[in-house]
Number of protein chains: 4
Amino acid sequence: MAYALPMPNEPDPARRNLRAQRAILDAARALTSEVGYGALTIKAIAARAGVGKQTIYRWWPSKGAVLFDALLAESTDAEGGPNLPDTGDLPTDLRTVLRAVVAELADPHADRLNRAVTAEIQDDEALAGELVRRLLRPQMDATAARLRSARAVGQITEDADVEIAVELLFGPAYHRWLLRTGPLDAAYADRIVASALAGLTPR
Amino acid sequence: MAYALPMPNEPDPARRNLRAQRAILDAARALTSEVGYGALTIKAIAARAGVGKQTIYRWWPSKGAVLFDALLAESTDAEGGPNLPDTGDLPTDLRTVLRAVVAELADPHADRLNRAVTAEIQDDEALAGELVRRLLRPQMDATAARLRSARAVGQITEDADVEIAVELLFGPAYHRWLLRTGPLDAAYADRIVASALAGLTPR
Amino acid sequence: MAYALPMPNEPDPARRNLRAQRAILDAARALTSEVGYGALTIKAIAARAGVGKQTIYRWWPSKGAVLFDALLAESTDAEGGPNLPDTGDLPTDLRTVLRAVVAELADPHADRLNRAVTAEIQDDEALAGELVRRLLRPQMDATAARLRSARAVGQITEDADVEIAVELLFGPAYHRWLLRTGPLDAAYADRIVASALAGLTPR
Amino acid sequence: MAYALPMPNEPDPARRNLRAQRAILDAARALTSEVGYGALTIKAIAARAGVGKQTIYRWWPSKGAVLFDALLAESTDAEGGPNLPDTGDLPTDLRTVLRAVVAELADPHADRLNRAVTAEIQDDEALAGELVRRLLRPQMDATAARLRSARAVGQITEDADVEIAVELLFGPAYHRWLLRTGPLDAAYADRIVASALAGLTPR
DNA sequence: GGCTAAGCGAGACGGTACGTCTTGTCTTTAG
DNA sequence: CTAAAGACAAGACGTACCGTCTCGCTTAGCC
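A.B. asks: Which parts of the structure should I look at to understand the overall build of chain A?
C.D. replies: Helix and strand counts for chain A stand at 9 helices and 0 strands. Secondary structure elements of chain A, listed N to C terminal, follow the sequence α-α-α-α-α-α-α-α-α. Within chain A, buried positions represent 46% of all 203 residues. Residue pairs at least 24 apart in sequence account for 69% of intrachain contacts in chain A once pairs closer than 6 positions are excluded. When the accessible surface of chain A is totalled, it reaches about 10100 Å², and 53% of it is carbon and sulfur.

Next up, the structure:
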């Protein structure tokens, strides 16, 4: 017979203190951008949030998960979803997307948080998957969809490799950000779009 | 005028024990691929290498620097430099390069080391610069040079944006590796080359 | 006005774990008598006590302070205070005291702990003061009081130098123990008392 | 057949560098009185002496042995041996001895070295024996001899316990020094002599 | 007068304890 | 009766020193 285990006390999400949750994510975000990923500690987050450490451990499995949620909260605030503009003009629409991506990566306020999460996902595959699923995938899928709609109306060639095209757009920006190999500005976004589109446009 | 600093005892590189140095880099590489970046400790590297911790701290300023040197040693062993093939056929040459890049990223043996260094450079800008200067930049420059030589003989269009073209080639592969968004194989490398070249080829 | 200091987090004695405290003192005592003062380490004490090192550093400023408390705990257990017997017969009473002192110094179980603390107080004046105040002074004062009461009833001469008399009693025993210059037994205690009293006794 | 072992290279005392030896003892003495026993390191002694660490390890088995030799060198310089005065007047002679002992213990220059050696001999019985044999024993024996010569001429009682009498003289001074329980001056020395002699003097 | 063996200054080495820091769990206490 | 505050066990951090070793350089004494 199965019986009620004296369980490691799964906390009851219904009783979660939203004020504390928000304070924790805010503190995590603020501290990350102040001291950087390497010097970030759970203790400091708890202290800044005016919260006991246990309250963090109760709801998140790791420091990376807190950072991820902090990043997610910010992104969710900013966007409402992966709404891609469709003005009918593909180059313009892609420039809009790429400029937004590049601007986000160039934002000094968010930079350290982005890098902290990037560091964490190198060692936490589950977190990496979650990040892709929640933030990256929707954006890439929306971009792919926009490319397919453009292909349907003949704005790009029939045999265009849409999957690769999306990576041709996003890959360079992330590469440059990751390795700090050059400036991240609107002009750069436009050059990516121009070069990536060159091979797609019917002659 | 430069003057003799009352320095905190810079160690004398001439007296460096090469056996120990090699053992440290080997241990760092092996341990990283065994336990991953998060669980990697200087203490464990020293123990595995049969070396005192101080011998590591004497020659490297941080764990990241050790990992970087371990990565560098491996790359230096493998290649002799950024020799890019020049068969005269640009697509073939680029496929060779991209396939090598993708293979390196897909190599499970090196994966954790690559990710560990990637995590470290998020928090250590100097290390990031060194990595780019020593490993990435030469490869990118060589690729750019190959593209310019192709442009000179008319294999790609006169107005091709070489700098962006290089990022169009490398960016997608790193993006896919960083975020684990898809398989990294020769076919993938070929697709990148095909799509990136499409816009460069004269019609 | 006294004000709340932004203190480096003085720990709260009310929350102290008594089990841990006791385990630490026991481990310190046991290890000292096993390996001696020179080979004694905080790390080993913590390990033996099943305690984190920080729990030692939280409550004691130095290894010497731990040893001192270990010694104190033992002494406090043994005695209830500096109760000196007063049978009315001074030589008998002093023999009782000196025999106890000599027996304590001769006890092989306590020897290494005594020597460890003796070594520590050579380099830590504050600790030396504490040791004297808590352990030596009471005993010496009690002995002086007993001598004065004997003087009051004419058992020793009017002009007896009580302060020196006390040192004449204790000094030789400690000297012999410190320098291991001879046996420490009851007969030795009796010889000290006899010689020291000879000059005090009225003729 | 016995043959010359490739021995752990006993060093050849004939080739010993006296300048280095002296510099080491001087440095040990100076550093001890500057930084105290706890902060004294072989490394620092070597550096101060302008000597390699190995030169110390070649000639002394331990830090304690170096300190002991430093102490010995100083004492040997000062005295030529345990010459006790014999003016014919015992109290005067003993006052001379005790005043010298007390002055040595009170000397702030030598204090830390004395305490360092005292700390070392708590953990090194062989060193303790050597100290007693070379420095303490001669002085005590000379004092005992003086007391016996006094006894022979009837200046002290026939049944005087000479061995204890010596400890009655030296014990209090060392006790007071060891535990810092009071001032060490000539008046104190005189009080010891007066009290100790009181019981020895024929009535 | 040259050879050679040893002592020497210097300092890198393998170890290990130091005292501090952070982690994740457990306990106390104040609201 | 909850959650902050924080003590706890554990163990890595980066530093310091230990005692050994390996370098060249100097020096002494035997050929």
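So much for the structure itself; the text now carries on.
A.B. asks: I keep staring at the relation of the copies chain C and chain D and nothing clicks. Help me out?
C.D. replies: What relates the two chain copies is a rotation about an axis together with a slide along it. By a simple turn and slide, chain C fits onto chain D: the slide is 0.0 Å along the axis, the RMSD is 0.1 Å, and the turn is 180°. On the angle and the small slide along the axis, the relation comes out as a two-fold axis. It is Gly-199 of chain C whose C-alpha, among those of chain C, lies nearest the rotation axis, at 1.7 Å.

A.B. asks: Teacher, can you tell me more about helix α5 (residues 90-106) of chain D here?
C.D. replies: An α-helix turns once per 3.6 residues; consequently, residues spaced three or four apart project the same way. Residue and element names in this part refer to chain D. Counted at 1.5 Å a residue, the expected span for α5 with its 17 residues is 24 Å, and the 24 Å between its end C-alpha atoms agrees. All buried positions along α5 are accounted for by Leu-90, Asp-93, Leu-94, Val-97, Leu-98, Val-101, Val-102 and Leu-105. For α5, the buried positions fall inside an angular range of 160° around the axis, keeping them on one side. On its buried face, α5 is in contact with α6 (108-123), α7 (125-152), α8 (162-179) and α9 (186-198).

A.B. asks: Where do I start with helix α8 (residues 162-179) of chain C in this structure?
C.D. replies: Residue and element names in this part refer to chain C. For α8, spanning 18 residues, the distance from its first C-alpha to its last is 26 Å, which sits close to the expected 26 Å at 1.5 Å a residue. Approximately 30° is the largest bend angle found in α8, and it occurs at Phe-170, with the proline Pro-172 only one to four residues beyond. Across the 18 residues that make up α8, a large majority, 17, are buried. Within two residues after α8, Arg-180 carries a phi angle of roughly 50°, on the positive side.

A.B. asks: Just to check I follow, could you spell out the interface of chain C and chain D for this structure?
C.D. replies: For an interface, size is often stated in terms of accessible area lost upon the parts coming together. With 42 residues of chain C at the interface, the matching set in chain D holds 42 residues. Of the roughly 3800 Å² buried between chain C and chain D, counting both surfaces, carbon and sulfur atoms make up 57%. The tally of links from chain C across to chain D stands at 10 salt bridges. With its nearest N and O atoms 3.4 Å apart, the salt bridge here joins Glu-125 of chain D to Arg-180 of chain C. At the surface where chain C touches chain D, the tally comes to 22 residue pairs in polar contact (both at pLDDT 80 or more). Breaking the side of chain C that touches chain D down by element, the ones donating at least two residues are α6 (108-123), α7 (125-152), α8 and α9 (186-198) of chain C. Ranked by residue count, the leading element in the side of chain C that touches chain D is α8 of chain C, at 13 residues.

A.B. asks: Looking at this structure, how should I read the interface of chain A and chain B?
C.D. replies: Contact residues are listed per partner, giving 42 residues for chain A and 42 residues for chain B. Between chain A and chain B, a total of about 3800 Å² is buried, with carbon and sulfur atoms accounting for 58% of that surface. Along the contact surface separating chain A from chain B lie 10 salt bridges. We note a salt bridge from Glu-163 of chain B to Arg-191 of chain A, for which the minimum N-O separation is 2.8 Å. Applying the counting criterion to the chain A and chain B interface returns 22 residue pairs in polar contact (both at pLDDT 80 or more). Those elements giving two or more residues to the side of chain A that touches chain B turn out to be α6 (108-123), α7 (125-152), α8 (162-179) and α9 (186-198) of chain A. For the side of chain A that touches chain B, the leading source of residues is α8 of chain A, giving 13 residues.

A.B. asks: Would you explain the protein's contact with DNA strand F in this entry?
C.D. replies: As a matter of local geometry, DNA strand F sits amid 32 residues, with Thr-55 of chain A, Tyr-57 of chain B, Arg-58 of chain C together with Lys-53 and Gln-54 of chain D nearest to it. For DNA strand F, the fraction of atoms within 4 Å of the protein that belong to sugar or phosphate moieties is 62%. Within the contact set of DNA strand F, a phosphate oxygen lies 3.3 Å away from a backbone nitrogen or oxygen of Gly-52 of chain A. Between DNA strand F and Asp-12 of chain C, the relevant distance is 3.1 Å, taken from a phosphate oxygen to a main-chain nitrogen or oxygen of the residue. Looking at the surface near DNA strand F, the elements that each hand over two or more residues are α3 (53-59) of chain A, α2 (42-49) and α3 (53-59) of chain B, α3 (53-59) of chain C together with α2 (42-49) and α3 (53-59) of chain D. When residues of the surface near DNA strand F are assigned to their parent elements, the largest contribution, 4 residues, is made by α3 of chain C. Per-class residue counts for the surface near DNA strand F are 8 nonpolar, 11 polar and 13 charged.

A.B. asks: Looking at this model, I keep getting lost on a positive patch on the surface. Mind explaining?
C.D. replies: On the surface, a cluster of positive charge is contributed by Lys-43 and Lys-53 of chain B together with Lys-43 and Lys-53 of chain C. You can see Lys-43 of chain B is positioned in helix α2.

A.B. asks: Can you help me understand the side chain of Ser-195 of chain D in this one?
C.D. replies: Examined against the element boundaries, Ser-195 of chain D turns out to sit in helix α9. On the basis of relative accessibility, which here comes to 16%, the residue Ser-195 of chain D falls in the buried class.

A.B. asks: Explanation requested: the confidence of the model for chain A in the structure shown.
C.D. replies: It should be kept in mind that the predicted coordinates are not to be read in detail where pLDDT is low. Residue and element names in this part refer to chain A. Per-residue confidence for chain A gives a mean pLDDT of 89; residues scoring 70 or more make up 88%. Predicted confidence in chain A is weakest over helix α4 (residues 63-78), with a mean pLDDT of 86, and strongest over α8, with 98. Under a pLDDT of 50 for its full length, residues 1-8 has, in the predicted model, 0 contacts with residues more than four places off or in other chains.

A.B. asks: Teacher, can you tell me more about the protein's contact with DNA strand E here?
C.D. replies: In the neighbourhood of DNA strand E, 39 residues make up the surrounding shell, with Lys-53 and Gln-54 of chain A, Lys-53 and Tyr-57 of chain C together with Asp-12 of chain D lying closest. Contact distances for DNA strand E include 3.0 Å between a phosphate oxygen and a backbone N or O atom of Lys-43 of chain C. Here a phosphate oxygen of DNA strand E sits 3.3 Å away from a polar atom, N or O, in the main chain of Gly-50 of chain D. Contributing elements (two or more residues each) for the surface near DNA strand E: α2 (42-49) and α3 of chain A, α3 of chain B, α2 (42-49) and α3 of chain C together with α3 of chain D. Here the residues of the surface near DNA strand E are counted per class, giving 11 nonpolar, 13 polar and 15 charged.

A.B. asks: Could you clarify how one ought to interpret the relation of the copies chain A and chain B in this entry?
C.D. replies: Mapping chain A onto chain B is achieved by rotating through 180° and translating by 0.1 Å along the same axis, at an RMSD of 0.1 Å. When you check the interface residues of chain A against chain B, 100% turn up at the interface there too, and the contact is symmetric in its surfaces.

A.B. asks: Would you mind going over the arrangement of the chains with me for this structure?
C.D. replies: What separates chain A from chain D at the closest point of their C-alpha atoms is a distance of 32 Å, and the two make no contact. Without any contact between them, chain B and chain D keep their closest C-alpha atoms 13 Å apart.

A.B. asks: Just to check I follow, could you spell out the packing of helix α5 (residues 90-106) of chain C against α9 of chain C for this structure?
C.D. replies: The relative placement of two packed helices comes down to the angle between their axes together with the axis-to-axis distance. Residues and elements named next belong to chain C. α9 packs onto α5 with a crossing angle of 135° between their chain directions and a minimal axis gap of 8 Å. In terms of their interaxial angle, α5 and α9 are classed as oblique. Crossing of α5 over α9 shows right-handed handedness. Seen from α5, the contacting residues are Leu-90, Pro-91, Leu-94, Arg-95, Leu-98, Arg-99 and Val-102; seen from α9, they are Ala-186, Tyr-188, Ala-189, Asp-190, Ile-192, Val-193 and Leu-197.

A.B. asks: Is there a simple way to think about the packing of aromatic side chains in this case?
C.D. replies: Two aromatic rings, taken as a pair, are described by how far apart their centres are and by the angle between their planes. Under the definition given, this model contains 0 aromatic pairs over all chains. Residue placement shows Arg-176 of chain A over the ring face of Tyr-188 of chain A; its charged tip is 3.7 Å from the ring centre. Sitting over the ring of Trp-60 of chain D, Arg-16 of chain D keeps its end group 4.9 Å from the ring centre.

Cut-offs applied
Residues numbered from 1 in each chain as written. Chains lettered and ligands numbered in written order. Predicted model: local features only at pLDDT ≥ 70, side-chain atom pairs only at ≥ 80, totals over all residues. Heavy atoms only, no water. Helix = DSSP H or I, 4+ residues; strand = E, 2+ residues; numbered from the N terminus. Buried < 20%, exposed > 50% of the residue type's maximum accessible area, 1.4 Å probe, protein only. Contact = heavy atoms within 4.5 Å. Areas by Shrake-Rupley, 256 points an atom, 1.4 Å probe, with all protein chains shown as cover. Least-squares fit on C-alpha atoms with pLDDT ≥ 70 in both. Expected span 1.5 Å × (residues − 1). Arc of directions from axis to C-beta. Bend = angle between axes of the 7 residues up to and from the residue. Buried area = accessible area lost by both parts, 1.4 Å probe. Salt bridge = Lys/Arg side-chain N within 4 Å of Asp/Glu carboxyl O. Polar contact = N/O pair within 3.5 Å; in protein donor to acceptor, adjacent residues only side chain to side chain. Near = heavy atom within 4 Å. Nonpolar A, V, L, I, M, F, W, Y, C, P; charged D, E, K, R; others polar. Patch = residues over 30% accessible without salt bridge, like charges linked within 9 Å, V, L, I, M, F, W, Y side chains within 5 Å. Lys, Arg positive; Asp, Glu negative; His and termini not counted. Charge placed at Lys NZ, Arg CZ, Asp CG, Glu CD. pLDDT = per-residue confidence, 0-100. Axes fitted to C-alpha atoms, helices over the stretch in contact; angles between N-to-C directions. Parallel < 35°, antiparallel > 145°, perpendicular 65-115°, else oblique. Left-handed = near helix turned anticlockwise from the far one by under 90°. Phe/Tyr/Trp six-rings, centres within 6.5 Å; stacked < 30°, edge-to-face > 60°. Lys NZ or Arg CZ within 6 Å of the ring centre and 35° of its normal.

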